[in-house]
Amino acid sequence: MQISDSTINRLIERIGEHYRTNISSRFIRPALLQIPFDNQSWDQIEQLTEKTVNQGLHLDELYRQIIAAAHFVAVARRDLVPGLRARVSRSDASGQDRILRDMAVSNFASNLKVFADLVNELFVKLVEEDKKDAKGHMPLYAQLPDLANVGRLLVGG
């Protein structure tokens, strides 16, 4: 199933913009690359956050990307947030860069929560579309067992 809903497209754009600006910024990225996360999942996150509206959005691909993003959020909360300041502070920065780096580090946990909330919102909207499109058949989300934990991983419970 191909997604063409403008609300979903705008939401995906917001997710990408937020990720690039606040999660994978030049100050945080080196620490992100140190967390235990497989390359295939990084690729899925990159596909989600680098999407442009004119690309075709396929539901199964979006679900896989959401699964990867949910796992990323859980791993980042567990392995990155507690020691982020120590990991990032090692770099030599001066003046304005130091201030921007400290702001990025201080706001990372809340920015990660915003990212998780946006991905969760996307997931909910996709499930709604999936249910509408199923028309008497089993919706795709119900056929993908990895989606069962997405909400829990994103909310942190």
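Scroll up a little and you will see the structure.
The sections below set out a description of the structure shown in this document.

Parameters and conventions
- Residues numbered from 1 in each chain as written.
- Predicted model: local features only at pLDDT ≥ 70, side-chain atom pairs only at ≥ 80, totals over all residues.
- Heavy atoms only, no water.
- Helix = DSSP H or I, 4+ residues; strand = E, 2+ residues; numbered from the N terminus.
- Rg over C-alpha atoms; globule rule 2.2 N^0.38 Å.
- Buried < 20%, exposed > 50% of the residue type's maximum accessible area, 1.4 Å probe, protein only.
- Contact = heavy atoms within 4.5 Å.
- Areas by Shrake-Rupley, 256 points an atom, 1.4 Å probe, with all protein chains shown as cover.
- Lys, Arg positive; Asp, Glu negative; His and termini not counted.
- Charge placed at Lys NZ, Arg CZ, Asp CG, Glu CD.
- Core = buried A, V, L, I, M, F, W, Y, C linked by side-chain atoms within 4.5 Å.
- Patch = residues over 30% accessible without salt bridge, like charges linked within 9 Å, V, L, I, M, F, W, Y side chains within 5 Å.
- Salt bridge = Lys/Arg side-chain N within 4 Å of Asp/Glu carboxyl O.
- Axes fitted to C-alpha atoms, helices over the stretch in contact; angles between N-to-C directions.
- Parallel < 35°, antiparallel > 145°, perpendicular 65-115°, else oblique.
- Left-handed = near helix turned anticlockwise from the far one by under 90°.
- Nonpolar A, V, L, I, M, F, W, Y, C, P; charged D, E, K, R; others polar.

The next thing to look at is the overall build of the chain. Helix and strand counts for the chain stand at 8 helices and 2 strands. Along the chain, helices and strands appear, N-terminal first, in the series β-α-α-α-β-α-α-α-α-α. Relative to the 2.2 N^0.38 estimate, which gives 15 Å for 157 residues, the radius of gyration of the chain is 17 Å and therefore close to what a compact globule would have. When its C-alpha atoms are laid out on the principal axes, the chain stretches across 60 × 30 × 25 Å. Expressed as a percentage of its 157 residues, the buried residues of the chain come to 41%. Sequence separation of at least 24 residues holds for 80% of the intrachain contacts in the chain that already meet a minimum separation of 6. Taken as a whole, the chain presents about 8,700 Å² of accessible surface, with 48% of it coming from carbon and sulfur. Positive and negative charge centroids in the chain, built from 20 and 20 side chains respectively, lie 6 Å apart.

Turning next to the environment of Pro30. Examined against the element boundaries, Pro30 turns out to sit in helix H2 (residues 29-32). Put simply, Pro30 and Leu122 are 92 residues apart on the chain and 27 Å apart in space, counted from C-alpha to C-alpha.

All right, on to the side chain of Thr49 then. Tracing the sequence through the fold places Thr49 in helix H3 (residues 39-49). Judged by its relative accessible area of 1%, Thr49 falls in the buried class.

Within the largest apolar cluster, 48 residues are counted, with the highest numbers of intra-cluster contacts made by Leu32, Phe72, Phe115, Leu122 and Leu126. Here the element with the most residues in this core is helix H4 (residues 59-80); it accounts for 13 residues. In this structure Phe72 touches Tyr19, Ile23, Leu32, Ile35, Phe37, Trp42, Ile45, Leu112 and Phe115, once residues within four positions along its chain are discounted.

Residues Asp38, Asp43, Glu46 and Glu50 make up a contiguous surface patch of negative charge. Mapped onto the elements of the fold, Asp38 is located in the loop between H2 and H3. Accessibility expressed as a relative area gives 41% for Asp38, which makes it partly exposed.

Further remarks concern the packing of helix H1 (residues 6-23) against helix H6 (residues 96-134). Across the interface, H1 lies against H6 with an axial gap of 10 Å and an inter-helix angle of 160°. Compared by their axis directions, H1 and H6 come out roughly antiparallel. For the pair H1 and H6, the crossing hand works out as left-handed. Where H1 approaches H6, its residues Thr7, Ile8, Leu11, Ile12, Arg14, Ile15, His18, Tyr19, Asn22 and Ile23 are matched on the opposing element by Phe108, Asn111, Leu112, Val114, Phe115, Leu118, Val119, Glu121, Leu122, Lys125, Leu126 and Glu129. Among the residues making up the contact of H1 with H6, the classes are represented as 14 nonpolar, 4 polar and 4 charged.

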